[in-house]
Amino acid sequence: MAPNLPTPSKSVAIVSKPTKPELGAILPGLLDWFHQHQYRVVVDQETAKYASGCEVVSRDQLPSFPLNFVVVLGGDGTLLAAARAVAKAGIPVLGVNLGSLGFLTEVPLEEMYATLQRIDDGRCVVETRSMVHCDVIRQDTSIAQYDAVNDVVVGKGTIARLNHCDVYIDRIFVSSYQADSLIVSTPTGSTAYSLAAGGPILMPSVEALVITPVSAHSLTHRPLVVRDVSEIEIVAKTGSDEAYLSVDGQLSMPIQDGDHLLCRKSELQVKLFRTQGTFFDVLRAKLKWGQR
């Protein structure tokens with residue numbers, strides 16, 4: 001008679017970037033490690049292609065599982081999607097970089113098992129990151145709500161025209177913007193699209209949001225840093241044209257003339273494992289800043 005095997009007391013989810021053929025070589029060893037360390041493993045549909053026999057769940061279902069953490073195999077985009085999915089459950093996320101730059105997926109593949117061992121031993125720091133909430137109001141009715149890890153962006157719908165919008169902070173008029181896009185980013189998102197558009201870099205612990213215009217028509221329109229207890233209201237002035245709201249560069253919806261976008265600090269937070277020293281260590285590594 002076969003011995004009764006102990007029921008795993010720990011659970012982990014594996015989320016992977018689509019179309020990454022190297023997963024076929026990575027997953028068998030990773031699954032063996034988790035099984036040896038008594039973890040119950042669930043995987044998303046992308047990972048299931050390389051992990052036969054594992055329980056498959058959609059990313060939206062992950063918060064309903066009692067997960068100790070989530071492992072993301074991919075780049076920052078994959079981590080953003082996973083982080084949004086599990087933020088409401090407060091599940092920590094570990095990003096293993098299979099991409100290129102990887103500000104958030106900071107663990108290189110060769111350090112994955114050593115990092116997992118530190119997590120299993122309780123020796124890995126979890127860092128909490130704020131999110132930004134966006135409520136889309138059309139004709140005095142909320143028609144959509146989103147929470148973003150990096151940013152929400154109001155962008156033009158056509159190449160030839162500028163995006164027009166009015167901006168208010170805590171109901172106080174700030175300015176009328178004419179630009180390709182307008183970004184509202186978290187401190188985490190300050191190193192993403194906002195940085196590429198000339199915005200400042202914020203430490204993740206800074207309690208602020210950044211408003212960054214992209215290719216503004218006026219040279220005096222510069223990035224603006226506001227307290228994260230403020231409400232940022234963006235009123236679309238598109239006329240007969242259509243603009244678009246983008247959430248972390250992954251979710252989008254059309255915006256019409258007169259729509260109000262109310263942005264504020266989200267009630268949700270993202271938990272990320274910090275493995276590569278300080279925030280400035282990451283900046284030096286990713287942005288190739290000079291060493292002392």
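Below is a short write-up of the structure.

Conventions adopted
Residues numbered from 1 in each chain as written. Predicted model: local features only at pLDDT ≥ 70, side-chain atom pairs only at ≥ 80, totals over all residues. Heavy atoms only, no water. 1 Å grid on protein atoms, 1.4 Å probe; cavity = no way out; pocket = protein on both sides within 12 Å on 5 of 7 lines; lining within 4 Å. Points joined across faces, edges and corners; volume = space filled by probe spheres on them. Nonpolar A, V, L, I, M, F, W, Y, C, P; charged D, E, K, R; others polar. Phe/Tyr/Trp six-rings, centres within 6.5 Å; stacked < 30°, edge-to-face > 60°. Helix = DSSP H or I, 4+ residues; strand = E, 2+ residues; numbered from the N terminus. Buried < 20%, exposed > 50% of the residue type's maximum accessible area, 1.4 Å probe, protein only. Core = buried A, V, L, I, M, F, W, Y, C linked by side-chain atoms within 4.5 Å. Contact = heavy atoms within 4.5 Å. Salt bridge = Lys/Arg side-chain N within 4 Å of Asp/Glu carboxyl O.

**Topic: empty space enclosed by the protein**
- The full count for this structure, using the stated rule, is three cavities of 30 Å³ or more.
- One number sums up the size of the largest cavity: a volume of about 60 Å³.
- Lining of the largest cavity is provided by Phe103, Leu104, Arg129, Pro187, Thr188, Thr191, Arg274, Phe279 and Val282.
- Across the lining of the largest cavity, the residue classes tally to five nonpolar, two polar and two charged.

**Some remarks on the packing of aromatic side chains**
- If you walk through the whole model with that rule in mind, you get eight aromatic pairs.
- With 5.9 Å between their ring centres and 80 degrees between their planes, Tyr39 and Phe69 make a pair best called edge-to-face. Of this pair, Tyr39 sits in strand S2 (residues 39–43) while Phe69 sits in strand S4 (residues 69–74), and the two are 30 residues apart along the sequence. The residues Tyr39 and Phe69 share a single accessibility class, namely buried.
- Seen from their ring centres, Phe69 and Phe273 are 5.8 Å apart, and the 90 degrees between their planes marks the pair as edge-to-face. A residue pair is termed long-range when its members are at least 10 positions apart, and Phe69 in strand S4 and Phe273 in strand S18 (residues 260–274) qualify at 204 residues. Residues Phe69 and Phe273 agree in their burial class; the two are buried.

**Thoughts on the nonpolar core**
- Of all hydrophobic cores here, the largest spans 27 residues; its most connected members are Val152, Val167, Ile232, Ile234, Leu245 and Ile255.
- When residues no more than four places from it in sequence are discounted, the contact partners of Leu245 are Cys134, Val136, Tyr146, Val152, Val153, Val154, Leu251, Ser252, Met253, Ile255 and Leu261.
- Ranked by size, the runner-up nonpolar core spans 26 residues in total, among them Leu31, Val43, Val71 and Leu116.

**Here we look at the pattern of salt bridges**
- One pass over the structure, following the stated rule, counts 14 salt bridges.
- The salt bridge partner of Arg123 is Asp121, with a shortest N-O separation of 3.3 Å.
- Residues Glu127 and Arg274 are paired through a salt bridge, measuring 3.1 Å at the closest nitrogen-oxygen approach. Separated by 147 residues along the polypeptide, Glu127 in strand S7 (residues 125–138) and Arg274 in strand S18 bring together distant segments of the chain.
- Where salt bridges share partners, they join Glu106, Glu127, Arg129 and Arg274 into one cluster.

**Quick word on the environment of Ala192**
- Along the polypeptide, Ala192 turns up in the loop between strand S12 (181–185) and helix H5 (193–196).
- Put simply, Ala192 and Asp135 are 57 residues apart on the chain and 22 Å apart in space, counted from C-alpha to C-alpha.
- Leave out the neighbours within four places in its chain, and Ala192 touches Asn150 and Asp151.

**Here's the deal with unusual backbone geometry**
- The backbone of Gln38 sits at a positive phi, close to 65 degrees, despite the residue not being glycine.
- Along the chain, the position of Gln38 falls in the loop between helix H1 (23–36) and S2.
- You will see that Ser215, though not glycine, has its phi angle at about 50 degrees, which is positive.

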